[in-house]
Amino acid sequence: MSSPSADRPASRQPAPASSRRIVFVVGSGRSGTSTMSGILQTLGMHVPQPEVTPDETNPKGFGEPQWVVDLHDELLKRSNVAVSDARPGAWLEAGKLATVDPLRDRLHTWLEQQFEEGGDALVIKDPRLAWFMGLWRAAAIRAGAEPTYITMLRPVTEVVGSKQRHYNSRFGEVNRTAAWVNMMLHTERATRGSTRAFVRYHDLLTDWTVPVFQLGERLHLDAVQRASANDIRAVHQFIDPSLRRVQLTWDDMEVPARLQEIAEESSQALSRLADEDGDIPEVHATLDELRAAYSEFYEEAEAVTQSTVAAVRRAAGGGPGGPGGPGNGGPKPPEPEPSRVDVVPHKVRAMIPASVRRGARKALGKER
């Protein structure tokens with residue numbers, strides 16, 4: 001990163017650590033996180049550069065620092081966690097990195113550079129960020145910045161439908177629904193007790209001024225509270241109501257009844273958090289119950305599919321008769337771990353029953 005220039009405007013000079021703020025825009029991908037990040041940037045907050053390049057899935061831009069995306073990709077690989085991971089246990093695996101001092105140092109150094117170059121108010125957004133909020137919180141506090149959170153809310157059916165439309169990946173409706181529940185319920189729990197706000201994507205597209213100026217007051221964002229007429233006009237030009245192109249319902253999807261029930265109740269409870277005075281213990285208790293119900297549901301699903309996982313591993317080369325099995329000179333395979341479900345190799349995917357394969361019929365691809 002370059003050093004600050006001598007002729008930089010006074011408003012861009014590094015601020016005292018006590019006035020530093022970081023807004024982390026979190027939540028599932030395809031929920032309006034890019035729109036929110038773009039609004040805050042248009043109003044004068046700093047999104048670290050360079051940004052991820054816009055593409056056909058998000059022509060208005062992602063509002064994501066490329067450095068952050070690259071870092072999260074690296075950390076997800078280290079944790080063996082996917083961007084959209086339905087495993088409740090994945091949070092523990094990703095969370096272990098929050099205690100790694102070299103990573104904390106790395107993030108702190110980067111944040112100091114961003115405050116020096118961009119001023120005292122940063123916006124950091126990436127759907128992967130939710131997995132590493134503990135790491136980012138520690139780095140923010142070390143930099144003398146107050147971490148605040150904006151969680152975007154969109155009906156789960158629309159999120160899943162948008163991902164199905166824009167991402168060419170191996171995952172289907174069932175897995176995406178489960179991953180949404182896992183992501184959103186744990187994100188809410190991780191930000192509870194912090195300075196935070198929840199914004200419905202529909203409200204943002206209907207009249208962005210209402211939710212944005214409300215969160216400006218709640219999060220004490222000077223750039224929002226002091227927005228000029230030109231800033232407001234620029235945001236009006238940035239907002240595109242047609243971005244809500246996918247509006248599916250449960251009738252358009254094939255999702256198991258129990259998972260559908262948990263997902264819908266989670267969506268409704270999360271939406272209550274966006275109401276005035278809605279972030280209350282009663283709603284928190286409901287969300288805790290739903291998170292426990294989802295974990296129980298997932299454990300049951302893992303238990304039911306253990307035989308399928310074992311068969312796939314044998315066919316892939318780890319069991320009797322397989323190319324790497326003991327009958328062909330290979331070592332005896334270890335017993336599958338009860339709570340681990342590996343990615344199914346393409347060459348043996350056809351061996352899995354059709355009901356299990358429904359979510360994996362698309363070609364490989366990369367998902368945000």
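Everything numeric in this text was worked out from a predicted model, so none of it was measured.

The rules behind these values
- Residues numbered from 1 in each chain as written.
- Predicted model: local features only at pLDDT ≥ 70, side-chain atom pairs only at ≥ 80, totals over all residues.
- Heavy atoms only, no water.
- pLDDT = per-residue confidence, 0-100.
- Contact = heavy atoms within 4.5 Å.
- Axes fitted to C-alpha atoms, helices over the stretch in contact; angles between N-to-C directions.
- Helix = DSSP H or I, 4+ residues; strand = E, 2+ residues; numbered from the N terminus.
- Parallel < 35°, antiparallel > 145°, perpendicular 65-115°, else oblique.
- Left-handed = near helix turned anticlockwise from the far one by under 90°.
- Pairing = 2+ DSSP bridges.
- Buried < 20%, exposed > 50% of the residue type's maximum accessible area, 1.4 Å probe, protein only.
- Core = buried A, V, L, I, M, F, W, Y, C linked by side-chain atoms within 4.5 Å.
- Salt bridge = Lys/Arg side-chain N within 4 Å of Asp/Glu carboxyl O.
- Nonpolar A, V, L, I, M, F, W, Y, C, P; charged D, E, K, R; others polar.

Considering the confidence of the model for the protein
- Predicted confidence across the protein gives a mean pLDDT of 84, with 79% of residues reaching 70 or more.
- Across residues 1–17, where pLDDT falls below 50, the model places 25 contacts with residues more than four positions away in sequence or in other chains.
- The low-confidence segment residues 320–366 (pLDDT under 50) makes 75 contacts with residues lying over four places distant or belonging to another chain.

Regarding the packing of helix α6 (residues 156–166) against helix α7 (residues 173–191)
- Here α6 crosses α7 at 130°, and the two axes come no closer than 10 Å. Taken together, α6 and α7 sit at an angle that is classed as oblique. Judged by the twist between their axes, the crossing of α6 over α7 is right-handed. Here Val156, Val159, Val160, Lys163 and Gln164 of α6 lie close against α7, whose contacting residues are Glu173, Arg176, Thr177 and Trp180.

What about the sheet that holds strand β1 (residues 20–26)?
- Spatially, the four strands line up as an open sheet ordered β2-β1-β3-β4, and their pairing is parallel. For this open sheet the edge positions go to β2 (121–125) and β4 (195–200), each flanked by a neighbour on one side alone. Between one strand and the next, the sheet's axes are offset by a mean angle of 20°, whatever the strand orientation.
- Of the pairings in the sheet, the one linking strand β3 (residues 145–153) to β4 comprises six bridges and is parallel in character. Its bridge partner lying in β4, tyrosine 149 is registered against arginine 196.
- Packing of α7 onto the sheet brings it into contact with β1, β3 and β4, and relative to β3 it is tilted by some 150°.

Here's the deal with the side chain of serine 266
- If you trace the backbone, serine 266 turns up in helix α12 (residues 257–272).
- Classification of serine 266 by relative accessible area gives buried; the value is 0%.

Quick word on the nonpolar core
- Among the nonpolar cores identified, the biggest contains 63 residues, and Leu111, Ile124, Trp131, Phe132, Trp136 and Tyr294 are the most heavily contacted of them.
- When sequence neighbours within four positions are dropped, the list of residues in contact with leucine 111 reads Ile22, Leu122, Ile124, Trp136, Ala139 and Ala140.
- Among the nonpolar cores identified, the runner-up in size contains 27 residues, and Val25, Leu205, Leu215 and Phe238 belong to it.

Things to note about the pattern of salt bridges
- With the rule as written, the count across this model stands at 20 salt bridges.
- When the shortest N-O distance is used, the salt bridge between glutamate 158 and arginine 154 registers 3.0 Å.
- Linking glutamate 188 and arginine 196 is a salt bridge whose minimum nitrogen-to-oxygen distance equals 3.0 Å.
- Each of Glu188, Arg192, Arg196, Asp279, Asp288 and Arg291 takes part in one network of salt bridges that share partners.

Comments concerning the environment of serine 271
- The residue serine 271 is located in helix α12 in this model.
- Taking C-alpha positions, serine 271 is 6.8 Å from leucine 153, a pair spaced 118 residues apart along the chain.
- Aside from chain neighbours lying at most four places away, what touches serine 271 is Leu153 and Arg200.

Structural notes on the environment of glutamate 264
- Among the structural elements, glutamate 264 can be located in helix α12.
- We classify glutamate 264 as partly exposed; its relative accessible area is 29%.

Quick word on the packing of helix α4 (residues 101–118) against helix α5 (residues 133–142)
- Across the interface, α4 lies against α5 with an axial gap of 9 Å and an inter-helix angle of 55°. Of the possible angle classes, the one that applies to α4 and α5 is oblique. Read as a crossing pair, α4 and α5 show a hand that is right-handed. Contacts from Leu103, Arg104, Asp105, Leu107, His108, Trp110 and Leu111 in α4 reach Leu135, Trp136, Ala138, Ala139, Ala140 and Arg142 in α5.
- Classifying every residue of the contact of α4 with α5 by side-chain character gives nine nonpolar, one polar and three charged.

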